[in-house]
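Observations on chain architecture
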Amino acid sequence: MDAEAQESFREFVANRSSALLKTAVLLSGGDRHAGEDLLQNALIKAAGRWHRIDEPEAYVRQVLYRQQVSRWRLKWPRRELSVAEPPETGTAPDTSGAAELRLVMRGALARLTARQRTVLVLRYFEDLPEGEVARILGCSVGTVRSATHRALARLRALAPELAVLGPAADEQRPSRDYSPVEVRQ
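The following paragraphs examine the structure supplied in this document. This is a predicted model, so every value here is computed, not measured.

Topic: the overall build of the protein
Helix and strand content of the protein: ten helices and zero strands. In the protein, the succession of α and β elements from N to C terminus is α-α-α-α-α-α-α-α-α-α. Taken across its 185 residues, the protein has 30% of its residues classed as buried. Sequence separation of at least 24 residues holds for 66% of the intrachain contacts in the protein that already meet a minimum separation of 6. Summing over all exposed atoms, the protein offers an accessible surface of approximately 12,800 Å²; the carbon and sulfur share of this is 52%.

Quick look at the structure:
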């Protein structure tokens, strides 16, 4: 890699690594260390092909997704032991009301299978259309739809408290004081 390409790669990593790390952590079920490993491997692959990459962020995200898919396709998943206390603290704790929601969501995502988690991250965090998710995962659109449906159902079953912690359902949905017959007329 020449000096210009190295500088371009360094700028990319400096500017986009935090956003890419968020995606990697979500893909790895909320495990920051696994997310860092996932991102580091993706950046290593990108560095080797840097001069041939047209859209670096799209390429790195694609590598992240494919690596995660490869992880959940392994016959014997390699898992690290989780501990109650993290070995280090990064920043001051978040005292907002959203912190509890994030913790519950992270825990619920961690309890999903890697495939379910990957589909939800791609569909809702990355906001990708079903066709793009199907292309990334190498499956059909119908498979993405059914996997998304099952993952959401399991997420609701694993963490019913998400409905309680989120915005009130009455504020988000219109009232249904009418009967279906009245609407049709």
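Let us keep going from here.
Some thoughts on the side chain of Q67
Secondary-structure assignment places Q67 in helix α3 (residues 56-73). Residue class for Q67 comes out buried when judged on its relative accessible area of 13%. Apart from residues lying up to four places away in sequence, Q67 is in contact with L38, N41, A42 and K45.

Here's the deal with the packing of aromatic side chains
If you walk through the whole model with that rule in mind, you get two aromatic pairs. Each ring, one from F9 and one from W50, has its centre 5.0 Å from the other, and the planes form 80°; the classification is edge-to-face. Linking F9 in helix α1 (residues 3-27) with W50 in the loop between α2 (32-48) and α3, this pair joins segments that are 41 residues apart in sequence. Of the aromatic side chains, those joined through ring pairs into one cluster are F9, F12 and W50. Residue placement shows R123 over the ring face of Y124; its charged tip is 5.6 Å from the ring centre.

Some remarks on unusual backbone geometry
Notably, D127 is not glycine yet its phi reads approximately 55°, a positive angle. Inspection of the secondary structure puts D127 in the loop between α5 (114-125) and α6 (130-137).

Some points on the pattern of salt bridges
Applying the stated rule across the entire model yields six salt bridges. Taking the shortest distance from any N to any O, the salt bridge between E57 and R16 comes out at 2.8 Å. Taken together, the positions of E57 in helix α3 and R16 in helix α1 put the pair 41 residues apart, joining distant regions of the chain.

Reading guide: rules and limits
Residues numbered from 1 in each chain as written. Predicted model: local features only at pLDDT ≥ 70, side-chain atom pairs only at ≥ 80, totals over all residues. Heavy atoms only, no water. Helix = DSSP H or I, 4+ residues; strand = E, 2+ residues; numbered from the N terminus. Buried < 20%, exposed > 50% of the residue type's maximum accessible area, 1.4 Å probe, protein only. Contact = heavy atoms within 4.5 Å. Areas by Shrake-Rupley, 256 points an atom, 1.4 Å probe, with all protein chains shown as cover. Phe/Tyr/Trp six-rings, centres within 6.5 Å; stacked < 30°, edge-to-face > 60°. Lys NZ or Arg CZ within 6 Å of the ring centre and 35° of its normal. Salt bridge = Lys/Arg side-chain N within 4 Å of Asp/Glu carboxyl O.

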